[in-house]
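# Coordinate inspection notes
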Amino acid sequence: MSVDHAQHPEIRETARPPTLHLALAREGPAAVVRVAGPLDLATVDRLVDLVDRLMGGGPAPVLVLDLSGVTFFCAAGVNALLTVRRRVASAGCTLVVREPSPITVKVLDIVGLQDEFTTE
């Protein structure tokens, strides 16, 4: 390593991966999950696990996923949405996607799924 590439001993890079934030609220008969941050391979399990817990114990008739705060969305996010839709439907409930972020809309459009979700 040359002198030009050596780091100063007191300077350390501490890259932290962006964190997914999930917040649960009730709006009348609907359960609303607000999603903020990246929906990627490292984070989608948290969303699917939360939905599984919600669907397991007396689920609300409508589950709203507020995706307005999603900052990154990839194939893992697409898979997670399809999984969530399947699990919500099998519980006899309805899934509504609220205000998907621009990146979410773009990726769903690219893979031909933009019209596959009920949105508000």
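Throughout what follows, the structure given in this document is the object of discussion. These numbers come from a predicted model, not from an experiment.

Secondary structure summary: the chain contains three helices and four strands in total. The proportion of buried residues among the 120 residues of the chain is 38%. A total of about 7400 Å² of accessible surface is found on the chain, and carbon and sulfur atoms cover 54% of it.

Turning to the environment of Lys 106, a few remarks are in order. In this structure, Lys 106 sits in helix 3 (residues 102–110). We classify Lys 106 as exposed; its relative accessible area is 54%. Put simply, Lys 106 and Phe 73 are 33 residues apart on the chain and 9.1 Å apart in space, counted from C-alpha to C-alpha.

Turning our eyes to something else, we now look at the sheet that holds strand 3 (residues 62–73). Taking strand neighbours across the sheet as the criterion, the four strands line up as 1-2-3-4 in an open arrangement whose pairing is mixed. Bordering the open sheet on either side are strand 1 (21–27) and strand 4 (94–98), each of which pairs with just one other strand. Each strand of the sheet is rotated relative to its neighbour by a mean of 20 degrees, with strand direction disregarded. Here strand 2 (residues 30–39) pairs with strand 3 via nine bridges, running parallel. Bridge pairing links Arg 34 to Asp 66 in strand 3. Contacting strand 2, strand 3 and strand 4, helix 2 (residues 75–90) runs over the sheet at an angle of about 175 degrees to strand 3.

So, how was this worked out
- Residues numbered from 1 in each chain as written.
- Predicted model: local features only at pLDDT ≥ 70, side-chain atom pairs only at ≥ 80, totals over all residues.
- Heavy atoms only, no water.
- Helix = DSSP H or I, 4+ residues; strand = E, 2+ residues; numbered from the N terminus.
- Buried < 20%, exposed > 50% of the residue type's maximum accessible area, 1.4 Å probe, protein only.
- Areas by Shrake-Rupley, 256 points an atom, 1.4 Å probe, with all protein chains shown as cover.
- Pairing = 2+ DSSP bridges.
- Axes fitted to C-alpha atoms, helices over the stretch in contact; angles between N-to-C directions.
- Contact = heavy atoms within 4.5 Å.

Function cannot be inferred from these measures alone, as they are strictly geometric.
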